[in-house]
Amino acid sequence: MNSTSRRPSNIRISLTLTKSLTFHTKFHPQFGHLSVIQPAKDLSIKEGMENEEEITGEINAEISTATDQLAVETNEDPYHNQEYLQRKLYFLLEHLKKMHANLPEQYQMRISFELLAGLANTLLNDTIFEIVKGLMEIQHVTETHLMQVREKVENDHQLEVKQWESKIQDPEELEHIVALMKIKHGKNMKETDMKLVLHLDQKVKDQQSTLEKAGVPGFYTTDNPKEIKIQMYLLDFILRLSRLKFEPNSR
């Protein structure tokens, strides 16, 4: 892959295991151009985090075990059942080339044949598929939790407005208070969104690090949005290949 500089940029973009960025664009329609801003110290998204950490911890333990097993299997006799491995390698590489051909031209140029060949070789071991599926499950748990956090903030804002509406009888005074609440809530929501994005950014780095340790080509910790976009395509390739059935005896 023709890699660009790995120097972290000030742009954050999520590495998702699917093509959808719905979670992020719900917060920021122009998320890909969002500068990193430190969140307000009086905000916390740790409420209810224990459940998320417990679930992701269990999945991470399974991924770690799979990664360790992958290292053991990699050290086994590489010439074992050579014909089977050659057939499977050809199968994987042919499908990867077809997927690659359907990418936008700018990304076709950045994902080289050498990278595809390296990816196909890595995927000879089905453990990689299990690792990626585990990461996908962690992401789902994380996104679900963060959406719940955001919904709670929205509900708290609505409740506060209703409380003022029940207390204030004067229409003009109520209008003034509601206007102030709107400004306050807008600032609060923006700070909350930034904190949620930063939390998800860390999950992105965890995904990158796990896949790098597993030896998957094209993966390393980076903030570069172009490199992350390539990683998203590679993850999509892996997931699509995981759904295909390899028939070793087919011609």
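Just so it is clear, the structure is predicted and the values come from calculations on it, not from any experiment.

1. With respect to the pattern of salt bridges
No. 1: Applying the stated criterion across every chain yields a total of 11 salt bridges.
No. 2: Residue Glu154 is joined to Arg150 by a salt bridge in which the shortest nitrogen-to-oxygen separation is 2.9 Å. Separated by 4 residues within a single helix, Glu154 and Arg150 lie in helix H6 (residues 127-167), roughly one turn from each other.
No. 3: The partly exposed category is assigned to Glu154, whose relative accessible area is 29%.
No. 4: According to the relative accessible area criterion, Arg150 is buried, its value standing at 8%.
No. 5: With a shortest N-O distance of 3.0 Å, Glu160 and Lys184 are connected by a salt bridge. Of the two residues, Glu160 sits in helix H6 while Lys184 sits in helix H7 (residues 171-213), which places them 24 residues apart along the sequence.

2. Concerning the packing of aromatic side chains
No. 1: Within the structure shown, the criterion is met by 3 aromatic pairs.
No. 2: Relative to Phe246, the ring of Phe91 lies with its centre 5.3 Å away and its plane at 50 degrees, an arrangement referred to as tilted. Residue Phe91 is located in helix H3 (residues 82-101), and its partner Phe246 is located in the segment after helix H8 (225-242); the two are separated by 155 residues in the primary sequence. Here Phe91 and Phe246 have matching classes, each one buried.
No. 3: Taken together through their ring pairs, the aromatic side chains of Tyr84, Phe91 and Phe246 make up a single cluster.

3. As for H8
No. 1: In this model H8 runs 25 Å from its N-terminal to its C-terminal C-alpha over 18 residues, within 8% of the 26 Å that 1.5 Å per residue would give.
No. 2: Here H8 lies mainly inside the structure; 13 of its 18 residues are buried.
No. 3: Of the residues flanking the start of H8, the one acting as N-cap is Asn224, its side-chain oxygen 2.9 Å from the backbone nitrogen of Lys226.

4. Thoughts on the confidence of the model for the protein
No. 1: Per-residue confidence for the protein gives a mean pLDDT of 76; residues scoring 70 or more make up 67%.
No. 2: Taken element by element, the protein is modelled with least confidence in helix H1 (residues 22-27), mean pLDDT 38, and with most confidence in helix H5 (residues 113-122), mean pLDDT 95.
No. 3: A low-confidence stretch, residues 1-45 (pLDDT under 50), is modelled with 109 contacts involving residues beyond four sequence positions or located in other chains.

Calculation criteria
Residues numbered from 1 in each chain as written. Predicted model: local features only at pLDDT ≥ 70, side-chain atom pairs only at ≥ 80, totals over all residues. Heavy atoms only, no water. Salt bridge = Lys/Arg side-chain N within 4 Å of Asp/Glu carboxyl O. Helix = DSSP H or I, 4+ residues; strand = E, 2+ residues; numbered from the N terminus. Buried < 20%, exposed > 50% of the residue type's maximum accessible area, 1.4 Å probe, protein only. Phe/Tyr/Trp six-rings, centres within 6.5 Å; stacked < 30°, edge-to-face > 60°. Expected span 1.5 Å × (residues − 1). Polar contact = N/O pair within 3.5 Å; in protein donor to acceptor, adjacent residues only side chain to side chain. pLDDT = per-residue confidence, 0-100. Contact = heavy atoms within 4.5 Å.

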